[in-house]
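What the coordinates show
Here is how the chains run, residue by residue.
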Amino acid sequence: MTYYVYVEPDAERRNTIGGLYSDFGFDIVADLADLEAHLPRNPETLLVMIGATVDLDAALTFTAYQRVQRPLIGVLLLRRTLEPDVLARAMRSGVREVVEELDVEGIRNSAARSIDLSKALSTTMRAASDQGQRAKIVTVFAGKGGCGKSVVATNLAAALSADGSRRVLLVDLALQFGDVAIMLQLPPNRSVSDAISMAGKLDEAGLRSVLTPYRPGLDALLAPASPAEGEHVSRELVTEILEVARGMYDFIVLDTPPAVTDQVLSALDLSDWFVPIVTPDLPTLKSVRLTIEMFDLLEYPRDRRLVVFNRSNTEVGLTTDDVEEAVGAHLSVHMPSSRDVPLSVNRGVPMVLSDPTHPVSLAVRKLADRCAGVTSSQESRRKIFAFGRRR
Ligand SMILES: Nc1ncnc2c1ncn2[C@@H]1O[C@H](COP(=O)(O)OP(=O)(O)OP(=O)(O)O)[C@@H](O)[C@H]1O
Ligand SMILES: [Mg+2]
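Here goes a summary of the coordinates provided. (Residues numbered from 1 in each chain as written. Chains lettered and ligands numbered in written order. Predicted model: local features only at pLDDT ≥ 70, side-chain atom pairs only at ≥ 80, totals over all residues. Heavy atoms only, no water.)

1. Topic: helix α1 (residues 11-20)
Every buried residue of α1 is accounted for by Arg13, Ile17 and Gly18. Down the axis of α1, the buried side of the element spans an arc of 110°, and every buried residue falls inside it. For α1, the exposed residues set more than 90 degrees away from the buried face come down to Glu12 and Asn15. Residues of α1 that are buried sit in contact with β1 (4-7) and β2 (27-29). (Buried < 20%, exposed > 50% of the residue type's maximum accessible area, 1.4 Å probe, protein only. Helix = DSSP H or I, 4+ residues; strand = E, 2+ residues; numbered from the N terminus. Arc of directions from axis to C-beta. Contact = heavy atoms within 4.5 Å.)

This is the structure in structure tokens:
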């Protein structure tokens, strides 16, 4: 098994430096795009060594994403020389160590430390999930149709699953006209309506029998194929499904219809994160404001709301301040408008999977980071260091 992968665009360095560590038995790729393709195919990877000629900004963006998406994998940054400001920035984005590219001993030691840390983290993470950890429930909604709820929900679920390192269930609560099956190109053979007969006695096996697997770590509970069936999915059944699913997943993401239905209310009652989608047009802003006022009445905590500003770059004469003022809440994530979104919807592959560095994907990944509790890079560095000391 190869735990290491070395990224280096410069062919000469790939040969020399690759040769120096040939006894490591590592894989070598030429750039970060190849690395993105390599990692899902090699789930045993525990260490990425980023070569000295990889652009620093690209390397750090990759690392920051990586730390959340695949927290087990450590990143070592090789540079020609060590510079204090590079070191500081690298640490902030989650690089485990920065080493001079010709410091053979240094690289070996850092690599060994990082692998030890990854293995220890893996043991703790497994223990945490064995202890009946409960899934975090994230509900995506808007008061109006067509704001991008389904685009956000499908992409968020894919981003959270992080190539299978987390278990995610995507539930389509748009029971009349659900779009999840189409957006992920899933066969509509099984749906939530198959769970109706199990109401009151639903268990894990029962729930599994109505799910549709999408990819490792990501399953979907689809909306009924015919709109009429949706009416028979009771509020209580939704609660029961979520309670059972909580023991099986790390995250449950809910896509919802363009109205706050009874079923949506039962999901909101159990939600850890509330994700309203707004677009820069007055009717949407008004309906989101009303929804947020309702949240205040229902006492859903304010610090659990992550407002997504979709199509944020549309020029319609409204500034961010105008929008925040109209909505009565802070905008957590700005998602630009892009032709690539409808193209990806038509292709049936979420953009975070097909084009992970697209601005729309970066916005979704930021949202995923917030849901996963990654508030600032310093905080998670602290956790890793504290953990390292305890060992
Ligand atoms: N950022 C964006 N840029 C361009 N197009 C977008 C963007 N977000 C969403 N869209 C497009 O807008 C349309 C509506 O998106 P989506 O289906 O996600 O909305 P929705 O809120 O789920 O709608 P509904 O209420 O009907 O379920 C889709 O065709 C999608 O491709
Ligand atoms: Mg939708």
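And the narrative resumes.
2. Focus: the nonpolar core
Counting 40 residues, the largest nonpolar core has Leu156 and Val253 as the members making the most contacts within it. Sequence-distant contacts of Leu156, defined by excluding residues within four places in its chain, comprise Val138, Val140, Val253, Val364, Leu367 and Ala368. (Core = buried A, V, L, I, M, F, W, Y, C linked by side-chain atoms within 4.5 Å.)

3. What about the sheet that holds strand β5 (residues 97-100)?
Taking strand neighbours across the sheet as the criterion, the 5 strands line up as β2-β1-β3-β4-β5 in an open arrangement whose pairing is parallel. The open sheet has two edge strands with one neighbour each: β2 and β5. Each neighbouring strand pair of the sheet contributes to a mean axis angle of 25°, computed without reference to strand direction. Along the sheet, helix α2 (residues 32-41) contacts β1, β2 and β3 (47-50); its crossing angle with β1, the most-contacted strand, is approximately 160°. (Pairing = 2+ DSSP bridges. Axes fitted to C-alpha atoms, helices over the stretch in contact; angles between N-to-C directions.)

4. Section: the side chain of Thr212
The topology assignment puts Thr212 in strand β8 (residues 212-215). For Thr212, a relative accessible area of 5% puts it in the buried group. The contact partners of Thr212, leaving out residues within four places of it in the chain, are Leu186, Pro187, Arg190, Asp219, Ala220 and Leu222.

5. A closer look at the site of ligand 1
In the region of ligand 1, 17 residues are neighbours, and Gly146, Lys149, Ser150, Val151 and Asn310 sit closest. One of the backbone nitrogen or oxygen atoms of Ser338 is found 2.9 Å away from a nitrogen atom of ligand 1. Within the complex, the protein chains bury 81% of what would otherwise be the 630 Å² of accessible surface of ligand 1. Looking at the shell around ligand 1, the elements that each hand over two or more residues are α6 (149-161) and α13 (340-347). (Near = heavy atom within 4 Å. Polar contact = N/O pair within 3.5 Å; in protein donor to acceptor, adjacent residues only side chain to side chain. Areas by Shrake-Rupley, 256 points an atom, 1.4 Å probe, with all protein chains shown as cover.)

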